[in-house]
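One-letter residues, chain by chain:
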Amino acid sequence: MVRESSSPSILNAQCGSRLVLERIADRWTAILVYTLAHGTRRYSELQREISGISQKMLTQTLRSLERDGLVERKVYPVVPPRVEYTLTPLGQTLIEPLGAICRWAETHYPEMEAARTRHSMEQALTDPAG
């Protein structure tokens, strides 16, 4: 008889913690948290600061983060409409770990790029057809 553990485990396919990991391991989530860690931003500011993100993806990611309680969306009753996004206290708990991952990526990108180049060259030498 297999006994299921009562504590969350990302190794268990049925555990909700996998959904949490999926949310926070997403590239755009990490970048948005990293950006919002520096303070509240308007939608247009986020779009300007984060190059490469489409309007659709920015909107979807912000909605998901809001739904998951990581980002707060504040709408001001003015014309034209003004909307601001800020990290919630729960979202702020991600600043340190996701910030560390973003900094790691910036620091180690050249090493990974060099490894990719070496790997491609080695593959080309061992597989002359490809």
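Predicted, not measured: the structure shown is a model, and the values here were computed from it. (Residues numbered from 1 in each chain as written. Predicted model: local features only at pLDDT ≥ 70, side-chain atom pairs only at ≥ 80, totals over all residues. Heavy atoms only, no water.)

Visitor: Any chance you could explain the overall build of the protein chain here in plain terms?
Guide: Across its full length, the protein chain holds six helices and three strands. Across the protein chain, helices and strands are ordered from the amino to the carboxyl terminus as α-α-β-α-α-β-β-α-α. Classification of the 130 residues of the protein chain by burial places 25% in the buried group. Sequence-distant contacts in the protein chain: of pairs separated by 6 or more residues, those separated by 24 or more amount to 43%. As displayed, the protein chain offers around 9,700 Å² of accessible surface, 56% of which is attributable to carbon and sulfur atoms. Of the side-chain charges in the protein chain, 16 are positive and 15 negative, and the distance between the mean point of each set is 7 Å. (Helix = DSSP H or I, 4+ residues; strand = E, 2+ residues; numbered from the N terminus. Buried < 20%, exposed > 50% of the residue type's maximum accessible area, 1.4 Å probe, protein only. Contact = heavy atoms within 4.5 Å. Areas by Shrake-Rupley, 256 points an atom, 1.4 Å probe, with all protein chains shown as cover. Lys, Arg positive; Asp, Glu negative; His and termini not counted. Charge placed at Lys NZ, Arg CZ, Asp CG, Glu CD.)

Visitor: Looking at this structure, I do not really get the confidence of the model for the protein chain. What am I missing?
Guide: Residues shown with low pLDDT carry predicted positions that ought not to be read at fine detail. The predicted model of the protein chain averages 90 in pLDDT, with 93% of residues at 70 or higher. Confidence scores differ between elements of the protein chain, with helix 1 (residues 17-24) showing the lowest mean pLDDT of 87 and strand 1 (residues 41-42) the highest of 98. (pLDDT = per-residue confidence, 0-100.)

Visitor: What's the story with unusual backbone geometry in this structure? I'm lost.
Guide: Apart from glycine, the bulk of residues carry a negative phi angle, and the bulk of peptide bonds sit in the trans form. The omega torsion of the bond from V79 to P80 falls at -5°, within 30 degrees of zero and hence cis. Inspection of the secondary structure puts P80 in the loop between strand 2 (71-76) and strand 3 (82-87).

Visitor: Which parts of the structure should I look at to understand the environment of G39?
Guide: Its place among the elements puts G39 in the loop between helix 2 (27-36) and strand 1. Along the backbone, G39 and Y85 are 46 residues apart, and their C-alpha atoms lie at a distance of 8.8 Å.

Visitor: Help me understand the pairing of strand 2, please; the structure alone is not making it clear to me.
Guide: In the case of a regular strand, side chains alternate between the two sheet surfaces. Where strand 2 and strand 3 come together, six bridges link them in antiparallel fashion. Bridge pairing in strand 3 places Y76 opposite R82. Linking strand 2 to strand 3, which pair antiparallel, is a turn of five residues. (Pairing = 2+ DSSP bridges.)

Visitor: When you look at the side chain of T61 in this model, what are you seeing that I'm missing?
Guide: Along the chain, T61 turns up in helix 4 (residues 55-67). For T61, a relative accessible area of 3% puts it in the buried group. Here T61 is in contact with R23, D26, W28, T29 and L32, once residues within four sequence places are set aside.

Visitor: Honestly, the nonpolar core in this entry has me stumped. Any pointers?
Guide: Considering soluble globular proteins, one finds that nonpolar side chains tend to be buried as a cluster. L32, L46, L58, L62 and Y85 are the most contacted members of the largest nonpolar core, which has 20 residues in total. The element that contributes the greatest number of residues to this core is helix 2, accounting for five residues. Residues contacting L32, with those up to four places away along its chain left out, are L46, I50, L58, T61, L62 and L65. (Core = buried A, V, L, I, M, F, W, Y, C linked by side-chain atoms within 4.5 Å.)

Visitor: Just checking my understanding: could you explain the sheet that holds strand 3 for this structure?
Guide: Note: strands within a sheet are paired through backbone hydrogen bonds, in either parallel or antiparallel orientation. A sheet is described by the order of its strands in space; here three strands give the open sequence 1-3-2, paired in antiparallel fashion. Every other strand in the sheet has two partners, leaving strand 1 and strand 2 as the edge strands with one partner each. Pairing of strand 1 with strand 3 involves two bridges; the strand directions are antiparallel. Bridge pairing in strand 3 places R41 opposite Y85. Contacts between helix 2 and the sheet are confined to strand 1, strand 2 and strand 3, with strand 3 contributing the most and set at about 95° to the helix. (Axes fitted to C-alpha atoms, helices over the stretch in contact; angles between N-to-C directions.)

Visitor: Can you walk me through the environment of D26 in this structure?
Guide: Its location among the elements puts D26 in the loop between helix 1 and helix 2. Taking C-alpha positions, D26 is 9.3 Å from T61, a pair spaced 35 residues apart along the chain. A polar side-chain atom of D26 sits 3.0 Å from the main-chain amide nitrogen of W28. (Polar contact = N/O pair within 3.5 Å; in protein donor to acceptor, adjacent residues only side chain to side chain.)

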